[in-house]
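# Secondary and tertiary structure notes
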Amino acid sequence: MPLVEKMYPGAKVVITHDANSVDALEKQLVEKYGKAAKGFNENGGLWVREGKTGTVYINPTSVAFNAKIEGLEKKKTLEETVLEETMHAIVGPTIEQMSVEQQKKILSELKSIVKNDLALLKRVEAKRDTYAAQDKSAKEVREEEIVEILSAVVADPSAVNMTLVSKIRVVLNKIMKTLGRKEISINSDSSAIKILYVLN
């Protein structure tokens, strides 16, 4: 996670497999960070900022279990889960600062870009419903939808055409423009691997 480490010096990844450990960890996280950490056990991944650094928490067991029980055609991989939490670290702060209208516009643009991937859109809807049921705010839910689409596309760039990659690049740069970080700006869509490198 070179870019995450650059933005958040000392950032780390914590992987928890044991169910009892995950339950205990979620309880500690909720006590420390409030409802933002609620649902880690169920969702399988979480990013939390801690001052100038942060931590990605991953539960591979939950990720694999969710892929089995959700009954979705486009199942979420462990790689996508890690990438999603990384994406929260990178673009989350900007999405949080956006107005409701800006968030809705970005989400609408992304859904339009991937409109032919019905399996992905169904997964995004399932994510929306899950987080809404966990009492997340509307803005938090929209951020989850935005990041779900971005991480799915970036995790498997070989599966998308270059026109799609170009459109995603434009949206990513829109999201991160307010950060004023040149190293985050994606200047070329000539290679999908470029996007994967920048965000991974």
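Cut-offs and rules
- Residue positions are given per chain, counting from 1 as you read along its sequence in written order.
- Local features in this predicted model are restricted to residues whose pLDDT is 70 or higher, and side-chain atom pairs enter the listing and the counts only when it is 80 or higher, whereas totals over whole chains, interfaces and linings include all residues.
- Values reported for side chains reflect all heavy atoms of the structure, with hydrogen atoms and water molecules removed beforehand.
- A run of H or I in DSSP counts as a helix once it spans at least four residues, and a run of E counts as a strand once it spans at least two, with each numbered from the N terminus.
- Given the number of residues in a helix, its expected span is that number minus one, multiplied by 1.5 Å.
- What the bend at a residue measures is the angle between two axes, fitted to the seven residues ending there and to the seven starting there.
- Burial classification: accessible surface area is computed with a 1.4 Å probe over protein chains only, and a residue below 20% of its type maximum counts as buried, one above 50% as exposed, and the rest as partly exposed.
- We define a nonpolar core as any set of buried Ala, Val, Leu, Ile, Met, Phe, Trp, Tyr and Cys residues linked to one another through side-chain atoms lying within 4.5 Å.
- We score Asp and Glu as negative and Lys and Arg as positive, and we do not count His or the chain ends.
- Salt-bridge detection follows one rule: a side-chain nitrogen of Lys or Arg within 4 Å of a carboxyl oxygen of Asp or Glu.
- Residue contacts follow a heavy-atom distance rule, with two residues in contact if any of their heavy atoms lie within 4.5 Å.

With 20 residues, helix α5 (residues 78–97) extends 28 Å from end C-alpha to end C-alpha; this agrees with the ideal 28 Å at 1.5 Å per step. Of all the bends in α5, the largest measures some 55° and sits at Val91, one to four residues before the proline Pro93. Where burial is concerned, most of α5 is hidden: 15 out of the 20 residues are buried.

Take the nonpolar core next. The nonpolar side chains of a soluble globular protein tend to be buried with one another. Core analysis: the largest hydrophobic core is formed by 20 residues, its most contacted members being Val91, Ile106, Leu110, Val114, Leu120, Ile146 and Ile149. Listed by contribution, the elements that provide at least two residues to this core are α5, α6 (100–113), α7 (118–133) and α8 (138–155). One finds Leu25, Phe40, Leu46 and Tyr57 within the second-largest nonpolar core, a separate group that totals eight residues.

This part covers the side chain of Glu85. The topology assignment puts Glu85 in helix α5. Buried within the structure, Glu85 lacks any salt-bridge partner; its nearest side chain of opposite charge belongs to Lys127, at an N-O separation of 5.9 Å.

Considering the arrangement of structural elements, one finds Val114 in the loop between α6 and α7. Accessibility expressed as a relative area gives 4% for Val114, which makes it buried. Sequence-wise, Val114 and Lys167 are 53 residues apart; in three dimensions their C-alpha atoms are separated by 9.8 Å.

Of note, Pro93 is situated in helix α5. Judged by relative accessible area, Pro93 falls into the buried class, the value being 13%. Taking the C-alpha atoms as reference points, Pro93 and Arg49, 44 residues apart in sequence, are found 9.8 Å from one another. In this view, Pro93 contacts Tyr8, Arg49 and His88; residues no more than four positions away in its chain are not counted.

Scope: geometric values only; no functional claims are made or implied.
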